[in-house]
Amino acid sequence: MHILLTNDDGVYHPGLSALAYQLRSIGELTVLAPDHNWSASGHVKTLHRPLRVWEADLADGTKALTTDGAPSDCVALALLGLVQPSPELVVSGINPHANLGHDVTYSGTVTAAMEAAIAGVTGIAISLDTPEHHEGPVDYAPAAVIACRLARQITQLPLPEGVLLNINVPYLPLNSIRGVAITRQGLRVYRDALVRREDPRGRPYYWIGGEAPSGVADHGTDIGALAEGFVSITPLQLDLTALPEIPLLEGWGLGLD
Ligand code: MN
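Residues numbered from 1 in each chain as written. Predicted model: local features only at pLDDT ≥ 70, side-chain atom pairs only at ≥ 80, totals over all residues. Heavy atoms only, no water.

Structural notes on the sheet that holds strand β3 (residues 53-57)
As summarised here, the arrangement of the nine strands in space is β3-β4-β2-β1-β5-β6-β7-β11-β8, forming an open sheet in which the pairing is mixed. The open sheet has two edge strands, β3 and β8 (179-182), and neither has a second partner. Neighbour-to-neighbour, the strand axes of this sheet turn through a mean angle of 25°, independent of strand direction. Across six bridges, the pairing between strand β6 (residues 122-129) and strand β7 (residues 163-170) is parallel. Residue pairing in the sheet places Ile126 in a bridge with Ile167 of β7. Against the sheet, helix α1 (residues 14-23) makes contact with β1 (2-6), β2 (28-34), β5 (89-95) and β6, and its axis sits at roughly 140° relative to β5, the strand it touches most. Packed onto the sheet, helix α4 (residues 108-118) meets β1, β5, β6, β7 and β11 (230-237) and runs at close to 170° relative to β6. (Pairing = 2+ DSSP bridges. Helix = DSSP H or I, 4+ residues; strand = E, 2+ residues; numbered from the N terminus. Axes fitted to C-alpha atoms, helices over the stretch in contact; angles between N-to-C directions. Contact = heavy atoms within 4.5 Å.)

Digging into the coordination of the manganese ion
Looking at the metal site, the manganese ion is ligated by Asp8 (OD), Asp9 (OD), Ser39 (OG) and Asn95 (OD1), spaced 2.2 Å from it. We note that the donor set of the manganese ion lies within a single chain, spaced as D-D-x29-S-x55-N. Separated by 30 residues along the polypeptide, Asp9 in the loop between β1 and α1 and Ser39 in the loop between β2 and β3 bring together distant segments of the chain. (Donors = N, O, S within 2.8 Å, 3.2 Å for Na, K, Ca; no water.)

A look at unusual backbone geometry
Looking along the chain, the bond that leaves Gln84 and enters Pro85 is cis, with omega of -10°. Mapped onto the elements, Pro85 comes out in the loop between α2 (71-82) and β5. The amide bond that connects Gly93 to the next residue, Ile94, takes the cis arrangement and shows omega of 0°. Tracing the backbone shows Ile94 in strand β5. One non-glycine residue with positive phi stands out, namely Ala40, at about 60°. Assignment of secondary structure puts Ala40 in the loop between β2 and β3. Assessed through its relative accessible area of 57%, Ala40 is described here as exposed. (Buried < 20%, exposed > 50% of the residue type's maximum accessible area, 1.4 Å probe, protein only.)

Quick notes on α1
Buried residues dominate α1, accounting for eight of its 10 residues. Restricting attention to buried positions, one finds in α1 the residues Gly15, Leu16, Ser17, Ala18, Leu19, Ala20, Gln22 and Leu23. Contact partners of the buried residues in α1: β1, β2, β5, β6 and α5 (141-154).

Here we look at the pattern of salt bridges
Counted under the stated rule, the structure contains six salt bridges. Note that Glu211 and Arg191 form a salt bridge whose closest N and O atoms lie 3.4 Å from each other. Placement of Glu211 in strand β10 (residues 204-216) and of Arg191 in strand β9 (residues 187-198) is noted, with a sequence separation of 20 residues between them. (Salt bridge = Lys/Arg side-chain N within 4 Å of Asp/Glu carboxyl O.)

Focus: the packing of aromatic side chains
Describing an aromatic ring pair means giving the distance of the ring centres and the angle of the ring planes. This structure, assessed with the given rule, holds one aromatic pair. Consider the rings of Tyr106 and Tyr190, whose centres lie 5.9 Å apart with planes at 80°: the pair is edge-to-face. Taken together, the residues Tyr106 in helix α3 (residues 103-106) and Tyr190 in strand β9 connect sequence positions 84 residues apart. With a relative accessible area of 30%, Tyr190 lands in the partly exposed category. (Phe/Tyr/Trp six-rings, centres within 6.5 Å; stacked < 30°, edge-to-face > 60°.)

Focus on the side chain of Ser232
Mapped onto the elements, Ser232 comes out in strand β11. Within the structure, Ser232 has its side chain in polar contact with the side chain of Thr183 (distance 2.8 Å). Once you skip the residues sitting within four places of it in the chain, Ser232 turns out to touch Asn166, Ile167, Asn168, Ala181, Thr183, Asp222 and Ala225. (Polar contact = N/O pair within 3.5 Å; in protein donor to acceptor, adjacent residues only side chain to side chain.)

In structure tokens form, the structure reads like this:
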């Protein structure tokens, strides 16, 4: 099995190298990841400038490819023929923070897996729920082991077309994680605040600041599963149609006059 590994934090991020180390045990691995941090860049398709690709060395000395494109560009490049043989599995991560609820619409980690699903390839996003005020190096090893075990199983199973998996791992030692929960998206609570300052020339600039998002830890949701000590697997679909609302809108009788 040929696996493509990417991320949205950049090719030198330790979350990526931890996952690369594990994934090499289950297949042939190609790493193609952005040359800088694209976190919260959403789903990108770069169409108006060239994309450059060059070699990079990971911290353990293994070879990787890097590009000035976005995470989803990495997947598109690989699946359009840059990487041979064409990857059968795309893994994105490990993101240093959880991607929960509405985060999936911002997340470069998740949108890389979406790009795989669009191309008809199994896509898995892996994020670690590192505590907000964690100090010192983050331990990605338990999440990398779990991601690898799950990836090995998932590739043997019939994941429907257009579905990708958003996996979030609690920040716990391996033997303290209680299991795997299949979840739905929970409700993220954003605490963004607009910060207005002045640059040295007296012109205003704006920064979206504020505190990290919190969330409602309902049972059955991604947020709830992490709070309960479970790995959360949320199946996401590319069809965002609000199907139950179609009769409502039809009933509105919207017309052109
Ligand atoms: Mn990130």
